[in-house]
Amino acid sequence: MIDFEPKYITFDCYGTLTRFRMADMTRELYGKELDSAKLESLVSAFAGYRLDEVLGAWKPYRDVVVNAFRRACKRVGVPFDEEKAESFYLAVPTWGPHPDVPEGLSRLAKKYKLVILSNASNDQIQSNVDKLGAPFHAVFTAQQAQSYKPRMQGFEYMFDKLGCNPQDVLHVSSSLRYDLMTAHDLGIKHKAFVNRGHEPSTPYYEYHEVDGIPQLASLLGL
């Protein structure tokens, strides 16, 4: 059980709540053009460059995605197609939640104020939030904060807007690199790692590991 009553439960959105389909789309778009080894190299490089693209000054999320794909194509030796690159960005608002999410969030929302802090653009995020099936007290984007996770500025923006401290929240994410390492460094004591299988567990960062949002609700006694 989680022996803590948070003022807010704060969530990463893409990957944690919304099924993030960049890798799936890459395989769909290039599965007939590339052999399996080169295809998986492209998937991996694209993910790595998306992280690298958000480490500097804020820029539109469309540029993050397109630049990352351009760099991945160059590294792997695949001709760059800007229309295909932009299709990743345009698809984001169509993505819905992981199957476990609506039930888990509806249980949590009966007692707690739910908040999202997402590496999102303002014009896309609401479509994804609407598909989650639960009320949110607040939704904060990288565009509002002018900073992407894993940088600390977005978290600090969220705390300022909520009028709370790191000790007041339970932060939930499926990503150590984008969220939970930074949360640890900021002094967020209460964290949950939703193991979606795309990053390994790293217990050093002191979190409750769950396999879905319903399990998180159960750990909070709901």
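Residues numbered from 1 in each chain as written. Predicted model: local features only at pLDDT ≥ 70, side-chain atom pairs only at ≥ 80, totals over all residues. Heavy atoms only, no water.

Draft legend 1. Representation of the pattern of salt bridges in the model. Throughout the structure, instances matching the rule amount to 18 salt bridges. For Arg 21, the salt bridge goes to Asp 24, with nearest N and O atoms at 3.6 Å. Classification of Asp 24 as partly exposed rests on a relative accessible area of 22%. Residue Glu 53 pairs with Lys 59 through a salt bridge whose shortest N-O separation is 2.4 Å. Residue classification places Glu 53 among the buried residues on the basis of a relative accessible area of 8%. (Salt bridge = Lys/Arg side-chain N within 4 Å of Asp/Glu carboxyl O. Buried < 20%, exposed > 50% of the residue type's maximum accessible area, 1.4 Å probe, protein only.)

Draft legend 2. Inspection of the environment of Ala 134 at higher detail. Along the chain, the position of Ala 134 falls in the loop between helix H6 (122-130) and strand S3 (138-141). A relative accessible area of 16% places Ala 134 in the buried class. Placed 26 residues apart in sequence, Ala 134 and Leu 108 show a C-alpha to C-alpha distance of 9.0 Å. The contacts of Ala 134, once residues within four sequence positions are left out, are Leu 105 and Ser 106. (Helix = DSSP H or I, 4+ residues; strand = E, 2+ residues; numbered from the N terminus. Contact = heavy atoms within 4.5 Å.)

Draft legend 3. Looking closely at the pairing of strand S1 (residues 8-11). On S1, burial covers both faces: Tyr 8 and Thr 10 on one face and Ile 9 and Phe 11 on the other are all buried. Both S1 and strand S2 (residues 113-118) contribute to a ladder of four bridges, which runs parallel. Considered in S2, the bridge of Phe 11 is made with Ile 116. As judged from the four bridges shared by S1 and strand S4 (residues 169-173), these two strands associate in the parallel manner. (Pairing = 2+ DSSP bridges.)

Draft legend 4. Representation of the nonpolar core. Core analysis: the biggest nonpolar cluster contains 58 residues, and Ile 9, Phe 11, Leu 17, Leu 105, Leu 108, Phe 136 and Leu 216 have the highest contact counts within it. Here the element with the most residues in this core is helix H3 (residues 61-76); it accounts for nine residues. Sequence-distant contacts of Leu 216, that is, excluding residues within four places in its chain, are made with Ile 2, Phe 11, Leu 108, Leu 170, Val 172, Ala 192 and Val 210. Among the nonpolar cores identified, the runner-up in size contains 14 residues, and Val 115, Phe 140, Val 169 and Ala 183 belong to it. (Core = buried A, V, L, I, M, F, W, Y, C linked by side-chain atoms within 4.5 Å.)

Draft legend 5. Up close: the side chain of Thr 182. When you line up the elements, Thr 182 lands in helix H9 (residues 176-185). Judged by relative accessible area, which is 6%, Thr 182 ranks as buried. For Thr 182, the side chain forms a polar contact with the main-chain oxygen of Pro 150, separated by 2.6 Å. When residues no more than four places from it in sequence are discounted, the contact partners of Thr 182 are Pro 150, Arg 151, Met 152 and Phe 155. (Polar contact = N/O pair within 3.5 Å; in protein donor to acceptor, adjacent residues only side chain to side chain.)

Draft legend 6. Spotlight on the sheet that holds S1. As summarised here, the arrangement of the six strands in space is S3-S2-S1-S4-S5-S6, forming an open sheet in which the pairing is parallel. Pairing within the sheet leaves two strands with one partner each, and these edge strands are S3 and strand S6 (208-210). Between one strand and the next, the sheet's axes are offset by a mean angle of 20°, whatever the strand orientation. Each of S2 and S3 touches H6; the most contacted strand, S3, lies at about 140° to it. (Axes fitted to C-alpha atoms, helices over the stretch in contact; angles between N-to-C directions.)

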